[in-house]
Amino acid sequence: MQNPYAKNPFKTDKVYLYYRGFKDKILVSELTIRQAKNKVEVVMKNAINKTKEDVSSFVYKGTLETNGMVTFINLSNYASNIKFEKVQINLNYQETSRDMILGTITATKSDNNPTIRKCVVSTKDIKLLSKAQIREIYEMVTIHKSEIDYMKKYGYFEPEMRDISLVAIEV
């Protein structure tokens, strides 16, 4: 049976994942996408912008599925590292530009505690972005007070999935 969700929504074979690291830094991962029979394969090189002194980047492999409104990328790193980890990236196309797709990444820290972070996926490499664009990404992946208030009130995290440039008014 043909998988109707096995298609690459990015129209390219390489995209970049941006998310908040520790100490207010933006981490960048490179995702290489390949159409295979009845599935889309993804290889993620995690934290490619870290320096040599930092932990070397991890390689994750998995699959991607999409219906055009939401994309799920499920990855594992068990073949490339002694730390067993699963990663899920959920991307929401509603109210975002096709340049910068907002979502969340669920993974674990080095102590195996789970984390959920806001993220942006873009076809643009950080080396080609201006400082203003990097600041915009930083703002998009920052958890805001309204999200914290919502979490306190309702008991779960529901990130705002809106491209700030679509709703913000420049002053």
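Our structure is the block above this text.
Residues numbered from 1 in each chain as written. Predicted model: local features only at pLDDT ≥ 70, side-chain atom pairs only at ≥ 80, totals over all residues. Heavy atoms only, no water.

Q: So what's going on with the pattern of salt bridges? Which residues, and what values?
A: All told, the structure shown has 7 salt bridges when counted by the stated rule. The partner of Glu-41 in a salt bridge is Lys-39, with the nearest N and O atoms 3.7 Å apart. Owing to a relative accessible area of 37%, Lys-39 belongs among the partly exposed residues under this scheme. Overlapping salt bridges bring together Arg-34, Lys-39 and Glu-41 as one network. (Salt bridge = Lys/Arg side-chain N within 4 Å of Asp/Glu carboxyl O. Buried < 20%, exposed > 50% of the residue type's maximum accessible area, 1.4 Å probe, protein only.)

Q: Before we move on, can you summarise the nonpolar core with the specific residues and values?
A: The biggest cluster of nonpolar side chains holds 24 residues, and the ones touching the most others in it are Phe-10, Leu-17, Leu-31, Ile-73, Leu-75, Ile-89 and Leu-91. Contributions of two or more residues to this core are made by β1 (14-20), β2 (26-36), β3 (39-45), β4 (59-66), β5 (70-76), β6 (86-92), β7 (100-108) and β8 (114-122). Grouped together as the second largest cluster of nonpolar side chains are 12 residues, Ile-26, Met-100, Ile-137 and Met-161 included. (Core = buried A, V, L, I, M, F, W, Y, C linked by side-chain atoms within 4.5 Å. Helix = DSSP H or I, 4+ residues; strand = E, 2+ residues; numbered from the N terminus.)

Q: Explain the side chain of Ser-76 residue by residue, including any values.
A: Within the element layout of this structure, Ser-76 appears in strand β5. Within polar-contact distance, the side chain of Ser-76 engages the side chain of Lys-86 at 2.9 Å. Apart from residues no more than four positions distant in its own chain, Ser-76 is found in contact with Val-59, Tyr-60, Lys-61, Glu-85 and Lys-86. (Polar contact = N/O pair within 3.5 Å; in protein donor to acceptor, adjacent residues only side chain to side chain. Contact = heavy atoms within 4.5 Å.)

Q: Quick rundown of unusual backbone geometry? Include the residues and the values.
A: Look at Lys-11: it is not a glycine, yet its phi comes out positive at around 60°. Relative to the helices and strands, Lys-11 resides in the segment before β1. A positive phi angle is found at Asn-38, which is not glycine, with a value near 65°. Of note, Asn-38 is situated in the loop between β2 and β3.

Q: Go over the pairing of β7 with me, naming the residues and quoting the values.
A: In terms of burial, β7 is largely enclosed, as 7 of its 9 residues are buried. Here 5 bridges tie β6 to β7, and the two strands are oriented antiparallel to one another. Opposite Ile-89, over in β7, you have Ile-105 as the bridge partner. Note: β7 against β8, 9 bridges, orientation antiparallel. Bridged to Ile-101 within β8 is Val-121. Taking the residues between adjacent antiparallel strands as the criterion, β7 and β8 are bridged by 5 residues, where Asn-112 takes a positive phi near 75°. (Pairing = 2+ DSSP bridges.)

Q: Lay out a nonpolar patch on the surface with the relevant residues and their values.
A: Where nonpolar side chains cluster on the molecular surface, the patch consists of Ile-143, Ile-148 and Met-151 and spans about 220 Å² of accessible area. Its place among the elements puts Met-151 in helix α2 (residues 145-154). With a relative accessible area of 35%, Met-151 lands in the partly exposed category. (Patch = residues over 30% accessible without salt bridge, like charges linked within 9 Å, V, L, I, M, F, W, Y side chains within 5 Å. Areas by Shrake-Rupley, 256 points an atom, 1.4 Å probe, with all protein chains shown as cover.)

Q: Break down the side chain of Lys-118 for me, citing the residues and quoting the values.
A: Mapping Lys-118 onto the fold places it in strand β8. Given the relative accessible area of 4%, Lys-118 is considered buried. A distance of 3.0 Å separates a polar atom in the side chain of Lys-118 from the backbone oxygen of Thr-142. Within polar-contact distance, the side chain of Lys-118 engages the side chain of Glu-147 at 2.9 Å.

Q: Got a sec to walk through the packing of aromatic side chains? Specific residues and values, please.
A: Here the distance between the centres and the angle between the planes together describe a pair of aromatic rings. Scanning all chains against the criterion turns up 2 aromatic pairs. Ring plane angle 80° and centroid distance 5.7 Å describe the contact between Tyr-150 and Tyr-156, whose orientation is recorded as edge-to-face. By relative accessible area, which is 26% here, Tyr-150 ends up partly exposed. The exposure class assigned to Tyr-156 is partly exposed, which follows from its relative accessible area of 42%. Ring-pair connections join several aromatic residues into one group, and the members of that group are Tyr-150, Tyr-154 and Tyr-156. (Phe/Tyr/Trp six-rings, centres within 6.5 Å; stacked < 30°, edge-to-face > 60°.)

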